[in-house]
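# Fold and contact review
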Amino acid sequence: MKMNVQITRILAEQKELFLNLFNLYLYDLSEYSGEDLLEEGKYDPTNTYLYLERDELYPFFIQYEGKVIGFALVCSPPYVPEDVDYTVQELFLVQKYRGQGLAAQAVDLVFAQFQGRFKVEQLANNATAVSFWKKYYEHHQIEYTESEYNIEIDNIAGSHRILSQTFVRRGRVSE
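Residue numbers here run from 1 along each chain, matching the order of that chain's written sequence. In view of the model being predicted, local features appear only for residues whose pLDDT reaches at least 70, and side-chain atom pairs are presented and counted only at 80 or more, with totals across whole chains, interfaces and linings using the full set of residues. Where side-chain values are given, they derive from all heavy atoms of the structure, hydrogens and water being excluded.

### Here's the deal with the pattern of salt bridges
Any Lys or Arg side-chain nitrogen located within 4 Å of an Asp or Glu carboxyl oxygen qualifies as a salt bridge. For the structure on display, the rule yields three salt bridges. For Arg-98, the salt bridge is made with Asp-28, and the minimal N-O distance between the two is 2.3 Å. Here the residue Arg-98 occupies a position in the loop between strand 4 (86–93) and helix 2 (102–111), and Asp-28 occupies one in helix 1 (residues 15–33), the gap between them amounting to 70 residues. Only protein chains enter the accessibility calculation, which uses a 1.4 Å probe; a residue is then buried when its area is under 20% of its type maximum, exposed when over 50%, and partly exposed in between. Asp-28 sits in the buried class, given a relative accessible area of 18%. The shortest N-O distance in the salt bridge between Glu-146 and Lys-134 comes to 3.0 Å. Linking Glu-146 in strand 6 (residues 145–153) with Lys-134 in helix 3 (residues 127–139), this pair joins segments that are twelve residues apart in sequence. The helix count covers DSSP runs of H or I at least four residues long, the strand count covers runs of E at least two residues long, and both are numbered beginning at the N terminus.

### So, the pairing of strand 3 (residues 67–75)
Most of strand 3 is tucked away: seven of the nine residues are buried. As judged from the eight bridges shared by strand 2 (residues 57–64) and strand 3, these two strands associate in the antiparallel manner. Counterpart to Tyr-58 in the pairing with strand 3 is Val-74. Think of it this way: DSSP has to see at least two bridges between two strands before they count as a pair. Where strand 2 folds back onto strand 3 in an antiparallel hairpin, the turn is made up of two residues, including Glu-65, whose phi is positive at roughly 50°. Note that strand 3 and strand 4 share six bridges and pair antiparallel. Within the sheet, the bridge partner assigned to Ala-72 lies in strand 4 and is Leu-91.

### Considerations on the environment of Pro-45
By secondary structure assignment, the location of Pro-45 is in the loop between helix 1 and strand 2. Remark: the alpha-carbon pair of Pro-45 and Asn-23, spanning 22 residues in sequence, is separated by 7.0 Å.

### Section: the packing of helix 2 against helix 3
In this analysis an axis means a line fitted to C-alpha atoms, helices contributing only their contacting stretch, and an angle means the value between N-to-C directions, from 0 to 180 degrees. Following both chains from N to C, one finds helix 2 and helix 3 inclined at 60°, their axes separated by 11 Å at the closest point. By the angle between their axes, helix 2 is oblique relative to helix 3. Handedness of the helix 2/helix 3 crossing: right-handed. For the pair helix 2 and helix 3, contact is made by Ala-103, Ala-104, Val-107, Asp-108 and Phe-111 and by Phe-132, Trp-133 and Tyr-136, respectively. By definition in this entry, angles of less than 35 degrees are roughly parallel, angles greater than 145 are roughly antiparallel, angles of 65 to 115 are roughly perpendicular, and the rest are oblique. Working rule for handedness: look at the near helix, and if it is turned counterclockwise from the far one by less than a right angle, call the crossing left-handed; if clockwise, right-handed. Here, residues are in contact when the closest pair of their heavy atoms is within 4.5 Å.

### With respect to the environment of Leu-93
Note on placement: Leu-93 falls in strand 4. Residue classification places Leu-93 among the buried residues on the basis of a relative accessible area of 6%. Sequence separation between Leu-93 and Tyr-79 is 14 residues, and the spatial gap between their C-alpha atoms is 23 Å. Ignoring any residue separated from it by four or fewer positions in sequence, one finds Leu-93 in contact with Ile-62, Ile-69, Gly-70, Arg-98, Leu-102 and Ala-103.

### Concerning the nonpolar core
In plain words, nonpolar cores are sets of buried Ala, Val, Leu, Ile, Met, Phe, Trp, Tyr and Cys residues tied together by side-chain atoms within 4.5 Å. One finds Ile-62, Phe-111, Phe-114 and Trp-133 to be the most contacted residues of the largest nonpolar core, which totals 27 residues. The set of elements that each furnish at least two residues to this core consists of strand 1 (5–9), strand 2, strand 3, strand 4, helix 2, strand 5 (116–123) and helix 3. If you tally residues by element for this core, the top one is helix 2, at six residues. In this structure, Phe-22, Tyr-32, Val-84 and Ile-162 belong to the second largest nonpolar core, which totals 22 residues.

Structure below.
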């Protein structure tokens, strides 16, 4: 059963709402990244505001029944690797709305906006994210190439193992 999920482009005047949600996202992710709070009790949203300023970055709120319940952030060149057209950089739903198929519907809507070579990455120790994407690919019969590598994350100690899937998405592009 399809639910009433929509995506809308995040506007500059919605910056506070976006950064508040991004802080919740970093809180959830800290379980896997090891990130610590800043002194003022928030996480470091390093350069996140750029999503609201750069034409090559596509920030979307995910809405359900008229309420903002998360976001999806998509990047294009020069913010992606050379052999890629787009990355789904971040995908977040607040806890209450997880496990209901809403994220997959939001991803469908995001992918309908773009076509080309995509890359999606997850922290390898984030089993929930890895499982979500693998199920999404399987359900949508998306053939992908997977790689694995280690990265350093600014201001977070240690190296982090990343799983990365690359695939071509040929969909309709919305007007």
